[in-house]
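# Report on the structure
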Amino acid sequence: MTRTQATRVQAAVRQAELPMPRAYRLWFEHARRCTHCKRVRTARDGCGDGQELWASYRRAYDGGTE
């Protein structure tokens, strides 16, 4: 598989991602990079962006829309 094909496959997988795992992945990636979110023990104590991402994950987890 060439690099271009691999990139297209990854893009297709991301587009087909379910809402709940996608929301969690977005929050997790943010929390790994954010200096404020790294220092807190719970997501609700994170920065504003982290809190919004966590809230969207909770909505998706509860079956709501993102």
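Please refer to the structure higher up on the page.
Helix length check: helix α4 (residues 48–61), at 14 residues, gives a terminal C-alpha distance of 20 Å against a target of 20 Å (1.5 Å per residue), a fit within 8%. Those residues of α4 lying buried are G50, S56, Y57 and A60. Relative to the axis of α4, the buried residues are bounded by an arc of 125° and lie together on one face. The positive-phi residue at the C-terminal boundary of α4 is G63, with phi of around 95°.

The next point concerns helix α2 (residues 19–33). Look at α2: 22 Å from first C-alpha to last across 15 residues, which is about the 21 Å you get at 1.5 Å a residue. Those residues of α2 that fall on the buried side of the exposure criterion are A23, R25, W27, H30 and A31.

This part is about the pattern of salt bridges. Where charged atoms from two side chains of opposite charge approach closely, those side chains can pair. Counted by the stated rule, this structure contains two salt bridges. Here R25 and E17 are joined by a salt bridge, their closest N and O atoms 3.0 Å apart. In this structure, R25 engages E29 in a salt bridge whose closest nitrogen and oxygen atoms are separated by 3.4 Å. One end of the pair is R25 and the other is E29, both in helix α2 and four residues apart, which spans about a single turn. Judged by relative accessible area, E29 falls into the partly exposed class, the value being 22%. In the salt-bridge network here, residues are joined through shared partners; they are E17, R25 and E29.

Basis of the calculations
Residues numbered from 1 in each chain as written. Predicted model: local features only at pLDDT ≥ 70, side-chain atom pairs only at ≥ 80, totals over all residues. Heavy atoms only, no water. Helix = DSSP H or I, 4+ residues; strand = E, 2+ residues; numbered from the N terminus. Expected span 1.5 Å × (residues − 1). Buried < 20%, exposed > 50% of the residue type's maximum accessible area, 1.4 Å probe, protein only. Arc of directions from axis to C-beta. Salt bridge = Lys/Arg side-chain N within 4 Å of Asp/Glu carboxyl O.

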